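# Descriptive analysis of the structure
Here is how the chains run, residue by residue.
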Amino acid sequence: MAANAYQPTDSETWEQLGDRWDTHNSFGWADDGVRGHVFADATNTTVVLSLKGTSSTFFLGGGSETSARDKFNDNRLFSCCCAYVDFTWSTVCDCHMSGSKCDAVCLRDALNDEAADNYFFAAAQIFMDVVARYPDATIVLTGHSLGGALAALLGLTFGLPAIGFEAPGDRLAAERLHLPLPPAAAQDNLPLFHVGHTADPVFMGVCSGRTSSCYYAGYAMESRCHNGRQLVFDTVARRDWRVDIRHHRINEVVYLVLEPWGITDPEEPFPELELEDPACVDCGLWKFIDENSPQ
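### Description of the overall build of the chain
- Across its full length, the chain carries 9 helices and 11 strands.
- Its C-alpha radius of gyration of 19 Å places the chain within 12% of the 19 Å reference for a compact globule of 295 residues.
- Expressed as lengths along the three principal axes of its C-alpha atoms, the size of the chain is roughly 55 × 45 × 40 Å.
- Taken over 295 residues, the chain has a buried fraction of 51%.
- Contacts in the chain between residues at least 24 apart in sequence constitute 65% of all its contacts with a sequence separation of at least 6.
- For the chain, the exposed area adds up to about 13900 Å²; of that, 51% sits on carbon and sulfur atoms.
- Measuring between centres, the 20 positive side-chain charges of the chain sit 5 Å from its 41 negative side-chain charges.

Now the structure itself:
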């Protein structure tokens, strides 16, 4: 379902889901913003909202009409300060002050501006439309990459299960959007699940800095901490894969990681769901200045 969010229903590469699921509705395909599909079982008891991630030749998922806005939202949600990396970059908001200082109030206001092309608010509206259409259904959210992070943010907002595949860290965006975050000790109670592997620099939060592939493509993917629990496949240790942006694409995750794991090598241990490392910190080298705070 997460893979199908990248393509229309008549695509030759559409992943067949079997008899249990029907595609009830598709959204965004006539526009250049949030896209995806709504899947439901025969009785409309369970409904899955699948959100498309970033379409870009850089991420090897193929470009599309949404590429520019996808990139804009990536840089707003997952960068430390408006995608300011150095003087050569064009920022997505005007909150950088100097050096590694950022205006925290400006940053929060910019991200919470519903009229400023924010995919989170667009996805929330789509979710509310799905709730109105299926008022008695159990709704599950899913997506890959940007779509997986949006699914997790919606799951956190509305208390619904969300499964993200290879999503960048969503905790930074959740804090800036003022979403209802629980204490660290209660993170395991969240119905949020992140599936990824160690050779994907986006999921691992290492696709940043001047030597990264994200830098050269203009993506400031600087967040690394996830909410909820993670299912992490160690492809670096078990498969000898190198960390490479080419390992980020959803079809590789499905067919080269999830499906064959433990089959080609019966002694290959299946990972367990675990919380994010308590020591995980986003943007530790930045100073966020709040002129309204007494501290």
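Next comes the rest of the account.
### Description of unusual backbone geometry
- Phi is positive for Cys82, close to 60 degrees, though the residue is something other than glycine.
- One can find Cys82 in the loop between helix H1 (67–78) and strand S4 (96–98).
- Although it is not a glycine, Glu166 adopts a positive phi angle of roughly 55 degrees.
- Inspection of the secondary structure puts Glu166 in the loop between strand S7 (162–165) and helix H5 (171–176).

### As for the packing of H1 against helix H4 (residues 146–158)
- Across the interface, H1 lies against H4 with an axial gap of 11 Å and an inter-helix angle of 50 degrees. Taken together, the axes of H1 and H4 lie oblique to each other. For H1 against H4, the interelement crossing comes out left-handed. Along the contact surface, H1 presents Asp70, Asp74, Leu77 and Phe78, while H4 presents Leu146, Ala149 and Leu150.

### A word on the sheet that holds strand S2 (residues 36–40)
- Taken together, 8 strands build an open sheet; the order of strands is S1-S2-S3-S6-S7-S8-S9-S10 and the sheet is mixed. A single partner strand is all that each edge strand has here, and the edge strands are strand S1 (22–27) and strand S10 (274–275).
- Two elements, strand S9 (residues 229–233) and S10, share 2 bridges in a ladder whose sense is antiparallel. Across the sheet, the residue bridging to Arg229 is Leu275, located in S10.
- Along the sheet, H4 contacts strand S3 (46–51), strand S6 (138–144), S7 and strand S8 (192–197); its crossing angle with S6, the most-contacted strand, is approximately 150 degrees.
- Its contacts with the sheet place helix H9 (residues 250–258) against S6, S7, S8 and S9, and it is angled at close to 80 degrees to S8.

### A look at the state of the cysteines
- Under the counting rule described, the total for this entry stands at 6 disulfides.
- What pairs with Cys82 in a disulfide is Cys93, and their sulfur atoms sit 1.8 Å apart. Because the torsion about its S-S bond is -90 degrees, the bridge between Cys82 and Cys93 counts as left-handed. Pair noted here: Cys82 is in the loop between H1 and S4 and Cys93 is in the loop between H1 and S4, with a separation of 11 residues, a long-range link.
- Residue classification places Cys82 among the buried residues on the basis of a relative accessible area of 2%.
- A disulfide bridge connects Cys95 with Cys106, and the sulfur atoms are separated by 2.0 Å.

### Some remarks on the side chain of Arg171
- Along the chain, the position of Arg171 falls in helix H5.
- The charged side chain of Arg171 is buried without a salt bridge, its nearest counter-charge being Glu276 at 5.3 Å.
- Contact partners of Arg171, with chain neighbours within four places excluded, come to Cys225, His226, Asn227, Glu276, Cys280 and Asp282.

### Describing the packing of helix H3 (residues 119–133) against H4
- Where H3 meets H4, the closest approach of the two axes is 10 Å, and the angle between their N-to-C directions is 65 degrees. In this structure, the crossing between H3 and H4 has a hand that is right-handed. Residues Tyr119, Phe120, Ala123, Ala124, Phe127 and Met128 of H3 touch H4, and the partners they reach there are Leu146, Leu150, Leu153, Leu154, Thr157 and Phe158.
- Tallied by class, residues from the contact of H3 with H4 come to 11 nonpolar, 1 polar and no charged.

### What to know about H1
- Taking 1.5 Å per residue, 12 residues should reach 16 Å; H1 reaches 16 Å between its end C-alpha atoms and fits that length.
- Inspection of H1 places Ser67, Asp70, Asn73, Asp74, Asn75, Arg76, Leu77 and Phe78 among the buried residues, and these make up the whole buried set.

### Comments concerning H3
- Helix length check: H3, at 15 residues, gives a terminal C-alpha distance of 21 Å against a target of 21 Å (1.5 Å per residue), a fit within 8%.
- Along H3, the residues classified as buried are Tyr119, Phe120, Phe121, Ala123, Ala124, Ile126, Phe127 and Val130.
- For H3, the N-terminal cap is Asn118; the gap from its side-chain oxygen to the backbone nitrogen of Phe120 is 2.8 Å.

Procedures and definitions
- Residues numbered from 1 in each chain as written.
- Predicted model: local features only at pLDDT ≥ 70, side-chain atom pairs only at ≥ 80, totals over all residues.
- Heavy atoms only, no water.
- Helix = DSSP H or I, 4+ residues; strand = E, 2+ residues; numbered from the N terminus.
- Rg over C-alpha atoms; globule rule 2.2 N^0.38 Å.
- Buried < 20%, exposed > 50% of the residue type's maximum accessible area, 1.4 Å probe, protein only.
- Contact = heavy atoms within 4.5 Å.
- Areas by Shrake-Rupley, 256 points an atom, 1.4 Å probe, with all protein chains shown as cover.
- Lys, Arg positive; Asp, Glu negative; His and termini not counted.
- Charge placed at Lys NZ, Arg CZ, Asp CG, Glu CD.
- Axes fitted to C-alpha atoms, helices over the stretch in contact; angles between N-to-C directions.
- Parallel < 35°, antiparallel > 145°, perpendicular 65-115°, else oblique.
- Left-handed = near helix turned anticlockwise from the far one by under 90°.
- Pairing = 2+ DSSP bridges.
- Disulfide = S-S within 2.5 Å.
- Salt bridge = Lys/Arg side-chain N within 4 Å of Asp/Glu carboxyl O.
- Nonpolar A, V, L, I, M, F, W, Y, C, P; charged D, E, K, R; others polar.
- Expected span 1.5 Å × (residues − 1).
- Polar contact = N/O pair within 3.5 Å; in protein donor to acceptor, adjacent residues only side chain to side chain.

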